[in-house]
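Report on the structure
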Amino acid sequence: QGLRTHSTLPIDVDVYNSAMSVTDWKGKIGALSVIDSSGIDVTRNLVPDLSADIGLVWDVTFQKQPGNVHEMTCNNSVSGINQCSVNTLQDSSVLNGDFKLQTIWPHEYVSDTTQMYDTSNVRWNSNAQTLKTELESITDANGDKVFGLVTVSR
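Residues numbered from 1 in each chain as written. Predicted model: local features only at pLDDT ≥ 70, side-chain atom pairs only at ≥ 80, totals over all residues. Heavy atoms only, no water.

With respect to the overall build of the protein
Scanning the protein from terminus to terminus reveals two helices and six strands. Counting from the amino terminus, the protein carries its helices and strands in the arrangement α-β-β-β-β-β-β-α. Of the contacts made within the protein by residues no fewer than 6 positions apart, 37% connect residues no fewer than 24 positions apart. Only carbon and sulfur atoms are counted for the fraction: they give 50% of the accessible area of the protein, which is about 11500 Å². (Helix = DSSP H or I, 4+ residues; strand = E, 2+ residues; numbered from the N terminus. Contact = heavy atoms within 4.5 Å. Areas by Shrake-Rupley, 256 points an atom, 1.4 Å probe, with all protein chains shown as cover.)

Details of the confidence of the model for the protein
Looking at the protein as a whole, its pLDDT mean stands at 79, while 77% of the residues score no less than 70. Within the protein, the element-level pLDDT minimum falls on helix α1 (residues 18-30), averaging 77, and the maximum on helix α2 (residues 128-136), averaging 96. (pLDDT = per-residue confidence, 0-100.)

A look at the pattern of salt bridges
For the structure shown, the criterion picks out three salt bridges. Residue Asp98 is joined to Arg123 by a salt bridge in which the shortest nitrogen-to-oxygen separation is 3.4 Å. Linking Asp98 in strand β3 (residues 98-99) with Arg123 in strand β6 (residues 122-123), this pair joins segments that are 25 residues apart in sequence. (Salt bridge = Lys/Arg side-chain N within 4 Å of Asp/Glu carboxyl O.)

As for the nonpolar core
Residues Val22, Trp25, Ile29, Leu32, Ile35, Ile40 and Val42 constitute the largest nonpolar core, which totals seven residues. When residues of this core are traced back to their parent elements, those giving at least two are α1 and β1 (40-46). Considering each element in turn, this core owes the most residues, three residues, to α1. The residues contacting Val22, other than those within four sequence positions of it, are Val42, Arg44 and Trp58. (Core = buried A, V, L, I, M, F, W, Y, C linked by side-chain atoms within 4.5 Å. Buried < 20%, exposed > 50% of the residue type's maximum accessible area, 1.4 Å probe, protein only.)

Quick notes on α2
In an α-helix, one turn spans 3.6 residues; hence positions three or four apart end up facing the same way. When α2 is considered as a whole, its buried residues turn out to be Ala128, Leu131, Glu134, Leu135 and Glu136. On its buried face, α2 sits against β6. The opening residue of α2, the one whose side-chain oxygen lies 3.2 Å from the backbone nitrogen of Gln129, is Asn127. (Polar contact = N/O pair within 3.5 Å; in protein donor to acceptor, adjacent residues only side chain to side chain.)

What to know about the environment of Ser37
Position of Ser37 relative to the elements: it lies in the loop between α1 and β1. Residue Ser37 is classed as partly exposed on the basis of its relative accessible area of 46%.

Comments concerning unusual backbone geometry
Across the junction of Trp105 and Pro106, the peptide omega takes the value -20°, indicating a cis bond. Locating Pro106 in the fold gives a position in the loop between β4 (102-105) and β5 (115-118).

A few points about the side chain of Glu136
Structurally, Glu136 is set in helix α2. Classification of Glu136 by relative accessible area gives buried; the value is 14%. Within the structure, Glu136 has its side chain in polar contact with the backbone nitrogen of Val150 (distance 2.8 Å). Beyond its immediate sequence surroundings of up to four residues, Glu136 is in contact with Lys145, Gly148, Leu149 and Val150.

Remarks on the environment of Lys132
Relative to the elements of secondary structure, Lys132 occurs in helix α2. Overall, the relative accessible area of 25% leaves Lys132 in the partly exposed class. When the C-alpha atoms of Lys132 and Thr151 are compared, they prove to be 6.7 Å apart, with 19 residues separating the residues in sequence. In contact with Lys132, other than residues within four places in its own chain, are Val150 and Val152. At a separation of 2.6 Å, a polar atom in the side chain of Lys132 contacts the main-chain carbonyl oxygen of Val150.

Below you can see the structure in the form of structure tokens.
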């Protein structure tokens, strides 16, 4: 697969209106044809140490983008003393598709008669509530939850 290059996306970084800036980022990145726009998280904060630097730190997370997203770049050729850099905090995963979870119920130490139970296909990027609901819906002939009551976090 070749590099996918997109023209410059001018982002409004209005210092006084963070909500507008975040919305602008999400809208422009989400408009790219290769991006799942429903899975973009953008936050904007002041730099952590104002005694060393002055400016903003942007975090852009692609939640629903399988594979590796090419690193973003920034334009340091803007006139004045503007500086920017891009740091990749985590390269994306190559995961895609569905998975199943299985368990034997009841445990072999409790009963000589055990049975294998498994979930239906679960999407690789399902949220915690979807997985919790799926696990807790699987019951044996007596109505007992074979996975029990679970807590799922992502």
